[in-house]
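Examining the three-dimensional arrangement
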Amino acid sequence: MKYVDEYRDPLGGQRLLAEIRRCPPAGGLRIMEICGGHTHAIYRSGLDQLLPEGIRFLHGPGCPVCVTPAVRIDQAIALAHRPGCLVATYGDMLRVPGSVESLRTAQARGAKVQIVYSSLDAVEIARSRPELEVVFLAVGFETTAPANAAAILHAQEGGLPNFSVLGSHVLVPPVLRHLLLSPGTEIDAFIGPGHVATVVGSEDYAFLPEEFGKPVVISGFEPHDLLLAVLMLLRQRAEGRCAVEVEYRRAVQPKGSERALAVMGEVFEVQDQEWRGIGVIPRSGLGIRRRFAAFDALARYRGELPEAAEDAGEYVCGAVLQGHRTPLECPAFGIGCIPEHPYGPGMVSQEGACAALYRYRQPGPGQGVAQ
Amino acid sequence: MCLAVPGKVLEIGEDNMAVVDIAGVRRRVCLDLVEGIAPEDYVLVHVGFALQRIDADEAQRTMDQLLQMAPPERAADQP
């Protein structure tokens, strides 16, 4: 596939690794990759095992499925049981544990749940099934929020009174500020989220070097992209620089996508947001603007929905999501908590640090993973 | 979740929906979030929407940068 295969060629990877070995970082380098897509790619390619000693990846909170609060799952389940209602959502959301059960187990008990590939598929269900109230459980970072916003605009244009969105939209910069201001955070540099940046632009990350003195390289998702991003961070360190740089130049512009930002801003406004395993972070999410309240499931079904949930028994999920602990430090990892039966959110999505590690990695020497 | 894959735009319909070839599979992709896309362009596709046009010149520059690096000299340098 063009723009994929050439970034996976083994010889290119060897050149990059040789170049990386020529720039060893004094004192080591702890790099947080923010995006769950990067976490998945790193484990899939085994990049963490190929890098010289001293360069470590820390996995960040960039998996929107993982950080969706349990109460949102409970609300979706309540709506899926409501007579005449159908909940449509992205496939990853079905296994996310709510406070009692997941959408998948609710579905087995008769709740009406349907997986969609695109938000527009959910709109299409509402158009073709006017007798149903279709609720689209929509999650995402800045990458996905414009697509979810566009679904609301399509429903409005189509005059669909039976479509609404139950949203959990999160923003990357506020959670990074939260992490960097938290005690115990030890991050030297960041690999920035390539697809979030295609929407918001690389300039959205200028605060990392300017306010926190942390370099960031925004990267693509293939092995060469990630190795080149590591090399660019090493060169910044060697040359005494600290800046935002873009490795993923084929897709990322300084100001992002004007059109996607306009669609997102038309439908959503910034609000305080709960992050599963972390807590409420001020102004870290997106809510539906009041003028689209007819399409906001939280407004439409107010009074019928559960309002709070306890994230019980989630072991060290929050610490793993924030890069403070590794999945291997969790007593449940791979024992009771597995992708087929996740206890916590990091094991649900293939972009969760726990699920990616479980899928691709045999335990190394001294790593006590139960099999 | 933020997965996006490259695909080639084959044709664009009047409803701003394109037919995009993604690894040999034809999919309908919405162009509402991008501007100025034409057939033959490569776009990044995410949840049924084109997110951004892929810039062929920048992609080539990245590959050139890679090719300028010296290949590993000795077997010991190789992973």
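Residues numbered from 1 in each chain as written. Chains lettered and ligands numbered in written order. Predicted model: local features only at pLDDT ≥ 70, side-chain atom pairs only at ≥ 80, totals over all residues.

So, the confidence of the model for chain A
Per-residue pLDDT for chain A averages 92, and the proportion of residues at 70 or more is 96%. Every residue in residues 365-371 of chain A scores below 50 in pLDDT, and together they form 7 contacts with partners more than four places removed in sequence or on other chains. (pLDDT = per-residue confidence, 0-100. Contact = placed C-beta atoms within 7 Å.)

Some details on the domain arrangement of chain A
All names here are of chain A. Looking at chain A, the domain boundaries give domain 1 (1-311) and domain 2 (317-360). Here domain 1 and domain 2 have C-alpha centroids that lie 17 Å from each other. If you look at the interface, domain 1 gives 25 residues, while domain 2 gives 18 residues. Secondary-structure elements contributing two or more residues to the side of domain 1 that touches domain 2 are helix 2 (36-45), strand 2 (55-62) and helix 4 (64-67). Of the residues that constitute the side of domain 1 that touches domain 2, the class distribution is 13 nonpolar, 8 polar and 4 charged. (Domains from an automatic or database assignment. Helix = DSSP H or I, 4+ residues; strand = E, 2+ residues; numbered from the N terminus. Nonpolar A, V, L, I, M, F, W, Y, C, P; charged D, E, K, R; others polar.)

With respect to the interface of chain B and chain A
Counting residues at the interface gives 33 residues for chain B, matched by 47 residues for chain A. Every element with two or more residues in the side of chain B that touches chain A is listed here: strand 4 (42-46), strand 5 (49-53) and helix 1 (56-68) of chain B. Among the elements that take part in the side of chain B that touches chain A, helix 1 of chain B stands out by supplying 6 residues, more than any other. Split into classes, the residues belonging to the side of chain B that touches chain A amount to 22 nonpolar, 5 polar and 6 charged.

What about the nonpolar core?
Soluble globular proteins: nonpolar side chains tend toward being buried together. A:Ile31, A:Val87, A:Leu103, A:Val230 and B:Ala50 are the most contacted members of the largest nonpolar core, which totals 142 residues. Among the elements that make up this core, the one with the highest residue count is helix 12 (residues 223-238) of chain A (9 residues). There are two domains that each give this core at least three residues, and those are domain 1 (1-311) and domain 2 (317-360) of chain A. (Core = buried A, V, L, I, M, F, W, Y, C linked by C-beta atoms within 7 Å. Buried ≥ 20, exposed ≤ 12 C-beta atoms within 10 Å, placed from the backbone.)

Looking at unusual backbone geometry
Residue and element names in this part refer to chain B. Not every positive phi belongs to a glycine, and Asn 16 is a case in point at roughly 65°. Tracing the backbone shows Asn 16 in the loop between strand 1 (5-12) and strand 2 (17-22). At Ala 23, a position not held by glycine, the phi torsion is positive, near 50°. Tracing the chain through its elements places Ala 23 in the loop between strand 2 and strand 3 (25-30).

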